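Chain by chain, the residues:
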Amino acid sequence: MDGPKGSAVAGLYDDIMVEFLSRVPVKDIRRSKCVSKPWRDLIDDPLHRKKLPQTLEGFFHGGCGSSHGSYGQFTSLAGTGESVPPLVDPSFSFLMAKLPGVEHLVLLDSCNGLLLFGCTRKDRFGYIVCNPATEECVAVPASSCSCPPPPPFGENTDVYDGERYAHTFLMFDPAASSHFHLVQLWDNVLMEEVEAVHSYSSETRAWSDRASKWKRGEKGGEWGQWGQVVVKFTFGRAFINGLLYFIVYHVQKSEALIVAVDGEGKVCRIIRWHDKHKLANVSFIAQSQGQLHCISMDAQLKGFRIHFTQLSVWVLDDCDTQEWILKHNVTCSQLFGFLSCPDDDLGIVAIHPDHNSVIFVQRWNRKLVLYNMDSKELRPLRSLRGGYRFITPYVPCFVESSVLATKY
């Protein structure tokens, strides 16, 4: 149908299809792209993808950046790992253009399309929250002049050279609000305790201190009542229904706990690991298909090193009863062809948010690999040449936001 009338009809058809696809799960949208070229073009159209749900596109990784060089690389799940999705610049050059004087970028966290950086700007430490798909960003000051630095992210992320670090988490749900939150834990490594909890809201544009409600060391307090705990920042995190889940290790009880906090840093839920015999170590948590997933590893001591022999994936079926259901398990032999593997030779990067897949980094050969739980196949994604620091998953968000103004 040619002419204005035909274009109007075609536009109406596109609008109806986009409205329909916006209610379809992400994995089905990906399959729909294979139906025909018009369908693929419809889904990939920049105007339409703002309305469609997105899934894991890949991973940012690399070393620390500066105002004079590139931050790192991007590995895509769609292709060979060498291509970069449209509108995504892994060097983050737009940050340097919009925020002059930014130095020493360190990628700290990601959540639903937004990235959190720690940085030095005009000789002052602070943060940047940005959307690489829309190239919008906003600078956030440090929580206080005494705020400790973020932990040093490297290939051995459990070795800390300093005494105090600030672990900062990003919380963002575009379906609920255009605003984001930061939750920050001040971790004293030597004393093995959480010193303070701070939170930031983009709506109020201010940090708040939970000291009055935290009640350190007092009965009925939130964090202080626990005594000695270690925040396991590199053991993953999950953002589900407005709550942020992460792992802490209770030193006195020798127990791993999964803690859920809200955007103000308030402890809303504590989930205990079900393995009372401690035969399997909690190694990683993430959100997948709307549920909290946990990866545990069966371990044994060989000489002076801990080796894992089997990996299991669990799903939290009920938060109230804290019932865990086994979803999948695989032995080290099935994964890599040898009976056991030193636990520090394998890093868990992510659990796919929409598929039954786990992404690892093989530290012995610096390869990023994906394991499909359904097909039980392991496929390489990319060799991490030149080393790497923090590897963060990226789910794009194409919706522009007035919250991400360049300056306050």
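Residues numbered from 1 in each chain as written. Predicted model: local features only at pLDDT ≥ 70, side-chain atom pairs only at ≥ 80, totals over all residues. Heavy atoms only, no water.

(A) Seen up close, the pattern of salt bridges. Applying the stated rule across the entire model yields five salt bridges. Among the salt bridges present, the one from glutamate 255 reaches arginine 272, with a minimum N-O distance of 3.5 Å. You can see glutamate 255 sitting in strand S13 (residues 255-261) and its partner arginine 272 sitting in strand S14 (residues 267-272), a full 17 residues away along the chain. (Salt bridge = Lys/Arg side-chain N within 4 Å of Asp/Glu carboxyl O. Helix = DSSP H or I, 4+ residues; strand = E, 2+ residues; numbered from the N terminus.)

(B) Structural detail: the nonpolar core. By size, the foremost hydrophobic cluster in this structure holds 39 residues, and its most contacted members are Val129, Val140, Leu170, Phe180, Leu182, Leu185 and Phe246. Apart from residues lying up to four places away in sequence, valine 129 is in contact with Leu114, Leu115, Leu116, Glu136, Cys137, Val138, Val140, Leu170, Phe180, Leu182 and Leu404. Counting residues in hydrophobic clusters, the runner-up holds 21 residues, among them Leu95, Leu107, Leu115 and Ala133. (Core = buried A, V, L, I, M, F, W, Y, C linked by side-chain atoms within 4.5 Å. Buried < 20%, exposed > 50% of the residue type's maximum accessible area, 1.4 Å probe, protein only. Contact = heavy atoms within 4.5 Å.)

(C) Representation of the state of the cysteines within the structure. By the definition in use, this model includes zero disulfides. Cysteine 137 carries a free sulfur, and the closest cysteine sulfur to it, the one in cysteine 130, is 6.7 Å from it. A disulfide-free cysteine, cysteine 341 has its sulfur positioned 5.1 Å from the sulfur of cysteine 332, the nearest such atom. Its relative accessible area of 1% is what places cysteine 341 among the buried residues. (Disulfide = S-S within 2.5 Å.)

(D) Fine view of the side chain of threonine 168. If you trace the backbone, threonine 168 turns up in strand S7 (residues 164-172). Among the polar contacts made by the side chain of threonine 168, one reaches the side chain of tyrosine 127 at a distance of 3.4 Å. Separated by 3.1 Å, the side chains of threonine 168 and glutamine 184 make a polar contact. In this structure, threonine 168 is in contact with Asp109, Leu116, Tyr127, Leu182, Val183, Gln184 and Phe233, ignoring residues within four places of it in sequence. (Polar contact = N/O pair within 3.5 Å; in protein donor to acceptor, adjacent residues only side chain to side chain.)

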